[in-house]
Amino acid sequence: MSVAGEAGLSPDAIATRVRELGDWFHNLDLAGVKTAPHHFLGDYPTCKWQRFAHALPPSLQGKTVLDVGCNAGFYALQMKERGAARVVAIDEDEGYLAQARFAAQVHGADIEFHQMSVYDVAQLGERFDLVIFMGVLYHLRHPLLALDLLSEHVVGDLFLFQSMLRGSAALEPIATDYPFQEVAHFDSSAYPKLHFVEHRYAKDPTNWWIPNKSCVEAMLRSAGFSISCNPEQEVYLCRVDASARSRRGPDSIRAADLRGLRA
Ligand SMILES: C[S@@+](CC[C@H](N)C(=O)[O-])C[C@H]1O[C@@H](n2cnc3c(N)ncnc32)[C@H](O)[C@@H]1O
């Protein structure tokens, strides 16, 4: 019997466990066993990662990383491969975390997993050199709150972000104020727009808010991030910008405010 993977499991044992762990969103290669070979987006997320991997530092030696909404851990595993000293990965879905724990075991990757919502990141009590927040924003009922919390509590330096985008990709300068009688700019396709999904989009009832390009960029800035680059259509690498954070008004949400929200 051939033995595969750091965990010393046979390919048959890996394939059996992959099936037991349910439907996978990440197509990982677990010692030759593919976890989602028929993914509707192709070899996902490898095909996406290949389009922006160059934007991140090639070495993460000595760096700490937090992957928020890690799913089966594709990005957490990539960060370990780049030498990150410590990788913490959170997701609110225990099923996906079980997949991620198994994938990390097969890869022999030392990753710390927690079942945790993005709304609770303040509980980690730590800032990370790199925070990854890919593909989660549009699944949230309170997307700007999530960005505010990440900026205020856990992003120490770099912020890798991705959102599904819909609507116009046009960008135009936006004035910092308009007179009350001025309404035309709201009809411009380049004005920031967040599309609300009351029921479902792509059969998925967890899709809530889908921004256009100018909206996602404005939301990032408003939450205290400065955009360093946009290496792929939907992907942004940002830096936390403490001065932008401090310009925000009394609406800025503190962890204490959340107790009522989540009750
Ligand atoms: C579309 S997947 C993206 C997975 C991965 N980050 C990527 O880019 O491939 C969305 C993930 O976000 C997780 N998620 C949704 N709401 C969350 C929340 N409030 N807190 C943490 N994770 C959440 C889901 O369980 C799922 O694993």
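Heads up: the structure comes first, above all this text.
Sequence order as written defines the numbering, with residues in each chain counted from 1. pLDDT decides what is reported in this predicted model: residues at 70 or higher carry local features, side-chain atom pairs at 80 or more are listed and counted, and totals for whole chains, interfaces and linings draw on all residues regardless. Note that water and hydrogens are dropped before the side-chain values are worked out from all heavy atoms of the structure.

Draft legend 1. Structural detail: the environment of Gly8. Where helices and strands are cited, they refer to DSSP runs of H or I of at least four residues and of E of at least two residues respectively, numbered from the N terminus. If you trace the backbone, Gly8 turns up in the segment before α1 (11-20). For the pair Gly8 and Gln105, spaced 97 residues apart in the sequence, the C-alpha separation amounts to 9.7 Å.

Draft legend 2. Just the sheet that holds strand β11 (residues 235-240), in detail. Two strands are said to pair when DSSP picks up at least two bridges between them. Ordered in space as β5-β4-β3-β6-β7-β11-β10, the 7 strands form an open sheet in which the pairing is mixed. Each of the sheet's edge strands pairs with one partner strand only, and the pair in question is β5 (112-115) and β10 (225-232). On average, each strand axis in the sheet is tilted by 20 degrees relative to the strand beside it, whichever way the strands run. When β10 meets β11, the two strands line up antiparallel, connected through 5 bridges. By the bridge assignment for β11, Phe225 is matched with Val240. Throughout, a contact is declared for two residues whenever any of their heavy atoms are within 4.5 Å. Note on geometry: axes are C-alpha line fits, over the in-contact stretch for helices, and angles between N-to-C directions span 0 to 180 degrees. Against the sheet, helix α4 (residues 94-107) contacts β4 (86-91) and β5, and its axis sits at roughly 170 degrees relative to β5. Against the sheet, helix α5 (residues 143-153) touches β3 (64-68), β6 (128-134), β7 (155-162), β10 and β11, its axis set at about 150 degrees to β7.

Draft legend 3. Quick peek at the packing of α5 against helix α6 (residues 213-222). Packing of α5 against α6 leaves a shortest axis separation of 9 Å and a crossing angle of 40 degrees. One finds that α5 runs oblique with respect to α6. Where α5 crosses over α6, the handedness of that crossing is right-handed. Contact residues: α5 offers Pro143, Leu144, Leu147 and Asp148, while α6 offers Met219, Leu220 and Ser222. Its residues placed into classes, the contact of α5 with α6 shows 5 nonpolar, 1 polar and 1 charged. Geometric relationships in this document are graded by angle, where less than 35 degrees denotes roughly parallel, more than 145 denotes roughly antiparallel, 65 to 115 denotes roughly perpendicular, and other angles denote oblique. It is the rotation of the near helix from the far one that decides the hand of a crossing: anticlockwise by less than a right angle makes it left-handed, clockwise makes it right-handed. Residues were grouped as follows: Ala, Val, Leu, Ile, Met, Phe, Trp, Tyr, Cys and Pro as nonpolar; Asp, Glu, Lys and Arg as charged; and all remaining residues, including Gly, as polar.

Draft legend 4. Highlighting the site of the ligand. If a single non-hydrogen atom of a residue is within 4 Å of a molecule or strand, that residue counts as near it. Taken together, the neighbourhood of the ligand is formed by 18 residues, with His26, Gly69, Asp91, Val118 and Met134 sitting nearest. The side chain of Asp91 places a nitrogen or oxygen atom 2.6 Å from an oxygen atom of the ligand. Distance and chemistry together define a polar contact, namely a pair of N or O atoms within 3.5 Å, with one atom able to donate a hydrogen and the other to accept it when in protein, and with adjacent residues in sequence counting only for side-chain atoms on both sides. Val118 is positioned such that a nitrogen or oxygen atom in its backbone is 2.9 Å from a nitrogen atom of the ligand. Every accessible area reported is derived by Shrake-Rupley at a probe size of 1.4 Å, with residue values counting cover from the shown protein chains alone. Protein chains shield 92% of the accessible area of the ligand, which is 600 Å² for the free molecule. Split by residue class, the shell around the ligand holds 9 nonpolar, 6 polar and 3 charged.

Draft legend 5. Fine view of the packing of aromatic side chains. Side-chain rings of Phe, Tyr and Trp (the six-membered ring for Trp) are treated as a pair once their centres are within 6.5 Å; stacked means planes under 30 degrees apart, edge-to-face means over 60, and tilted covers the remaining angles. Using the criterion set out here, one finds 13 aromatic pairs in the structure. Both rings, one in Phe133 and one in Phe159, keep their centres 6.2 Å apart while their planes meet at 25 degrees; by these two values the pair is stacked. One end of the pair, Phe133, is in strand β6; the other, Phe159, is in strand β7, and 26 residues separate them in sequence. According to the relative accessible area criterion, Phe133 is buried, its value standing at 0%. Burial status follows relative accessibility: with a 1.4 Å probe on protein chains alone, a residue under 20% of its type maximum counts as buried, one over 50% as exposed, and anything between as partly exposed.

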